[in-house]
Amino acid sequence: MINGFEIQKRYENLPHGEQRLQAIKNAIALADAEKDYEFMYIFRSDLMSESELYGDSFQAFLTFPEMIKIFDEHEEELEKYKHDYIWEFKWILSDCEDFYQVSKAKVYELFAEFRKRCERYGYSLRPYYQNLYRFEEACDKQASKKAYQQFILANRDELSDCYACELNAMVDYELNTASMGRALETAYPILSGQVSCTEIPDVTYNNIMHRYYELGDFEKAEEYRKKCYRRISKNSSYLFIIGDMLKLYSKTDLTKGVKLFEKHLAWVFTSKNPHSNMKFYMGAAAVFTKLAQKKDEVKLKLPEKFKLYKADGIYSTKALAEYYQSKALDLINKFDKRNESDFYMKEYNYAME
């Protein structure tokens, strides 16, 4: 028998990120060897949490099928963890937009399974519709609108996201469908610091920044970029936000864009999240495409693992632009094909203007 709680205590004392992830994987191997079903489940649940909150979500996607299989096979023994696994199922739905490898049919299959389990256990469908609204944003605007309306009408319960996350979803919807004034009014409890959570106001700041960028109000976009960057600059799970900031700098300050790229390039080497990578590539493509129109070369201090690495640090701006255009378009085409839309191609085209 393993002392599961002692093992859990040890890895909880480790810093978040790769070191803790590896320690939890080691714990899973021990529990599996002993066929200790409770800790086989608990350790996988902890791995999912660590991957979601301090990683790129990739490990969570790999782990969830194993975790739910253990629960289903030992439901009576693990019944007390019912709420936990349904909550983590929500994370998987949220992650679907990030992985083009998950077919649209499979995404809808996951949503249907989540709905069935919510109905079985008597949970509200509010989180079901909230996540469906988010997924459909890049697929079908009408379907997204319909899901959002059903999200608002459904009752809150213990499976609902925290108030800050739900409010952020409402702000996101209004940024894309209503006036900026209305969106900011809705966002007031977040912007004033009355409500917050692990990801809020970080994501809210970015969403507002990005909408101002889309509207061409770069001064206001910069205001929210500053607020956001102070909070996310050391968290690699926010690689997608760095991509959005690079797009903004491509239209306002190429020098700052190059510096931001240089500072955060290393994050993409460890990211297994294709959506985050796509956003970074899109931003880098915009910066270097504009820079190539002004100068032929740029001096950069980049890691040796970078594919175009040069020991002297002198890089062709055209080569960098073409490299990141290719990287961005490869993923854009994969996501738009999966989503049966041109959502990300439109975003790319605006960034490149």
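Details of the structure are given in the entry above.
Here the structure is a predicted model, which means the values were calculated and not measured. Residues take numbers from 1 onward in each chain, read along the sequence in its written order. Selection of residues for local features in this predicted model requires a pLDDT of at least 70, selection of side-chain atom pairs for listing and counting requires 80 or more, and totals for whole chains, interfaces and linings are taken over all residues. The side-chain numbers reported here are obtained from all heavy atoms of the structure, hydrogens and water having been left aside.

Student: What's the story with the side chain of Ser94 in this structure? I'm lost.
Tutor: Elements are defined by DSSP. Helices are runs of H or I of four residues or more, strands are runs of E of two residues or more, and each kind is numbered from the N terminus. Residue placement: Ser94 occurs in helix 6 (residues 82–95). Within the structure, Ser94 has its side chain in polar contact with the side chain of Arg134 (distance 3.0 Å). Leaving out residues up to four positions away in the same chain, Ser94 has contacts with Asn131 and Arg134. We call two N or O atoms a polar contact when they sit within 3.5 Å, provided that within protein one can donate a hydrogen and the other can accept it, with sequence-adjacent residues counted only if both atoms are side-chain atoms. Whether two residues touch is decided by their heavy atoms; if any such pair falls within 4.5 Å, the residues are in contact.

Student: What should I look at first to understand a positive patch on the surface in this one?
Tutor: Here, patches come from residues exposed beyond 30% relative accessible area and free of salt bridges, joined within 9 Å for like charges and within 5 Å for nonpolar side chains (Val, Leu, Ile, Met, Phe, Trp, Tyr). Per-residue accessibility takes into account occlusion by the displayed protein chains alone, with areas from the Shrake-Rupley method and a 1.4 Å probe. A carboxyl oxygen of Asp or Glu within 4 Å of a side-chain nitrogen of Lys or Arg is what we treat as a salt bridge. Residues scored as charged are limited to Lys and Arg (positive) and Asp and Glu (negative), so that His and the chain ends carry no count. For this purpose, a charge sits on NZ of Lys, CZ of Arg, CG of Asp or CD of Glu. Among the surface-exposed residues, Lys226, Arg230, Lys256 and Lys259 lie close enough to one another that they form a single positively charged patch. Among the secondary structure elements, those contributing two or more residues to the positive patch are helix 13 (218–232) and helix 15 (254–270). Topologically, Lys226 is positioned in helix 13.

Student: Would you explain the nonpolar core in this entry?
Tutor: Formed by 119 residues in total, the largest nonpolar core has its most connected members in Phe43, Phe261, Phe288 and Tyr324. By residue number, the principal contributor to this core is helix 16 (residues 274–292), which donates ten residues. Excluding residues that lie within four positions of it along the chain, Phe43 makes contacts with Ile2, Gly4, Ile7, Gln8, Tyr11, Ile24, Ala27, Ile28 and Ala31. Nonpolar core, defined: a set of buried Ala, Val, Leu, Ile, Met, Phe, Trp, Tyr and Cys residues in which side-chain atoms within 4.5 Å join the residues together. Each residue's exposure class comes from its accessible area (1.4 Å probe, protein chains only) as a fraction of the maximum for that residue type: buried when under 20%, exposed when over 50%, partly exposed otherwise.

Student: Before we go on, may I ask you to explain the environment of Val298 in this structure?
Tutor: Note on placement: Val298 falls in strand 1 (residues 297–299). Owing to a relative accessible area of 8%, Val298 belongs among the buried residues under this scheme. Distance in space between the C-alpha atoms of Val298 and Tyr315 is 5.4 Å, their sequence separation being 17 residues. Not counting residues up to four positions away in its chain, the partners in contact with Val298 are Val258, Phe288, Leu291, Gly313, Ile314, Tyr315, Thr317 and Leu320.

Student: Is there a simple way to explain the packing of aromatic side chains in this structure?
Tutor: Any pair of aromatic rings gets described here by the distance separating the centres and the angle formed by the planes. Pairing of aromatic rings covers Phe, Tyr and Trp, the last through its six-membered ring, and needs centres within 6.5 Å; plane angles under 30 degrees mean stacked, over 60 mean edge-to-face, and all others mean tilted. According to the stated counting rule, one finds 36 aromatic pairs in the structure shown. Considering the side-chain rings of Tyr205 and Tyr224, the 6.3 Å spacing of their centres and the 50° angle between planes classify their relative orientation as tilted. On the criterion of sequence distance, the pair formed by Tyr205 in helix 12 (residues 202–215) and Tyr224 in helix 13 is long-range, its members being 19 residues apart. Classification of Tyr224 by relative accessible area gives buried; the value is 8%. Centre to centre, the rings of Phe306 and Tyr323 are 5.8 Å apart; their planes meet at 85°, and the pair counts as edge-to-face. You can see Phe306 sitting in the loop between strand 1 and strand 2 (314–316) and its partner Tyr323 sitting in helix 17 (residues 317–339), a full 17 residues away along the chain. Through pairs of rings, three or more aromatic residues link up here, namely Phe261, Phe280, Tyr281, Phe288, Phe306, Tyr315, Tyr323 and Tyr324. Looking at Lys227, its charged tip hangs above the ring of Tyr224, at a distance of 5.9 Å from the centre. Lys251 extends its terminal NZ or CZ atom over the ring of Tyr350, reaching a point 4.4 Å from the ring centre. Placement of a positive charge over a ring is assigned whenever Lys NZ or Arg CZ falls within 6 Å of the ring centre and within 35 degrees of the normal to the ring plane.

Student: Is there a simple way to think about the packing of helix 10 (residues 163–177) against helix 11 (residues 180–191) in this case?
Tutor: In a pair of packed helices, the angle between the axes and the distance between the axes together describe the arrangement. Across the interface, helix 10 lies against helix 11 with an axial gap of 8 Å and an inter-helix angle of 170°. Considered as vectors, helix 10 and helix 11 are oriented roughly antiparallel to each other. Across from Ala164, Leu167, Asn168, Met170, Val171, Glu174 and Leu175 in helix 10, the residues of helix 11 making contact are Met180, Arg182, Ala183, Thr186, Ala187, Pro189 and Ile190. Note on residue categories: nonpolar means Ala, Val, Leu, Ile, Met, Phe, Trp, Tyr, Cys or Pro, charged means Asp, Glu, Lys or Arg, and polar means any other residue, Gly included. A per-class count over the contact of helix 10 with helix 11 returns ten nonpolar, two polar and two charged. To define axes, lines are fitted to C-alpha atoms, for helices over the stretch in contact only, and angles between the resulting N-to-C directions are given on a 0 to 180 degree scale. Our angle categories are set so that under 35 degrees counts as roughly parallel, over 145 as roughly antiparallel, 65 to 115 as roughly perpendicular, and the remainder as oblique.

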